[in-house]
Amino acid sequence: MYDKKKKELLQVCKEMVENDLVVGSSGNASLRVGDHILITPSSVQYSTMTAENIMVLDLEGNVVEGDLNPSVESPTHLEIYRQREDAGAVVHSHSIYTTALALLHMPLPPVLDEVVPKLGGEVRVTSYAMPGTKELAKNVVEAMDMRSAVLIANHGAVCCAKTIRKAMEKAILLERTCKIYLLANQIGDPIHLPEDVVEDESDLWEIMRDF
Ligand SMILES: [Zn+2]
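Everything numeric in this text was worked out from a predicted model, so none of it was measured.

Honestly, the sheet that holds strand 3 (residues 55-58) in this entry has me stumped. Any pointers?
Hydrogen bonds between backbone groups are what pair the strands of a sheet, and the pairing can be parallel or antiparallel. An order of 4-3-2-1-5-7-6 is seen for the seven strands of this open sheet, with the pairing classed as antiparallel. The open sheet terminates on both sides in strands that have one partner only, identified here as strand 4 (63-65) and strand 6 (149-152). In this sheet, neighbouring strand axes are inclined to one another by 25° on average, regardless of whether the strands run parallel or antiparallel. On top of the sheet, helix 1 (residues 3-18) reaches strand 1 (28-33), strand 2 (36-39), strand 3, strand 4 and strand 5 (89-93); it is set at about 155° to strand 1, its chief contact. Each of strand 1, strand 2, strand 3, strand 5 and strand 7 (156-161) is contacted by helix 2 (residues 74-83), which is oriented at about 35° to strand 1, the strand it contacts most.

Explain the layout of surface pockets here, please?
Any space left empty among the atoms is revealed by the rolling of a water-sized probe across them. Size it by volume and the largest pocket reaches roughly 210 Å³. Lining the largest pocket are Asn19, Asp20, Ile96, Tyr97, Ile172, Glu175, Arg176 and Lys179. Among the elements that take part in the lining of the largest pocket, helix 6 (residues 164-187) stands out by supplying four residues, more than any other. Approximately 160 Å³ is the volume found for the second largest pocket. Forming the boundary of the second largest pocket are Glu60, Pro75, Leu78, Glu79, Arg82, Lys134, Ala137 and Lys138. Secondary structure elements with two or more residues in the lining of the second largest pocket: helix 2 and helix 5 (134-144). Residue contributions to the lining of the second largest pocket peak at four residues, all from helix 2. Here the lining of the second largest pocket is composed, by residue class, of three nonpolar, no polar and five charged.

Parameters and conventions
- Residues numbered from 1 in each chain as written.
- Predicted model: local features only at pLDDT ≥ 70, side-chain atom pairs only at ≥ 80, totals over all residues.
- Heavy atoms only, no water.
- Pairing = 2+ DSSP bridges.
- Helix = DSSP H or I, 4+ residues; strand = E, 2+ residues; numbered from the N terminus.
- Axes fitted to C-alpha atoms, helices over the stretch in contact; angles between N-to-C directions.
- Contact = heavy atoms within 4.5 Å.
- 1 Å grid on protein atoms, 1.4 Å probe; cavity = no way out; pocket = protein on both sides within 12 Å on 5 of 7 lines; lining within 4 Å.
- Points joined across faces, edges and corners; volume = space filled by probe spheres on them.
- Nonpolar A, V, L, I, M, F, W, Y, C, P; charged D, E, K, R; others polar.

Structure below.
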């Protein structure tokens, strides 16, 4: 089933590794096709992963196709798809600077002009929950709200978008912005964008939903 979509997901996973968003078999990614979710398997290295390894689930998490275990973070992916009709793809990254902010439970404020129009606003941090739990899924959906990115406390981040490529682009933007923000924090207190600019950019996000 969905061979072309599986290959597309696999290709993006390989690019996640190239962009240092994940290493080994960590992190995970998925996309929605109709009532089905294509998701990466658990504990398979991206370097050896094939399109046949990609699992097909229904929205309740039942395996529709595939011989492996679906990603341990399937509950989070599924909860996003159930709660966000606009979400077509989800990327869960463990990228370094993003995760550093997540360890500090420090949200990423709108310090660069791309943050609000591309990520939907300040990137909030979830309450802590153990990996793979329904509680983590609930916390992610709650903290992300209608935005497209969230930091997972002491863990990493989740980005969602209409397509898997856009979700990965958002994860790359998030990592780059967290890096710049943390670097600026080493030297002084980064100045946030003026409030009226953030308001205008929020309107832009609402209208364009560049998602
Ligand atoms: Zn993780």
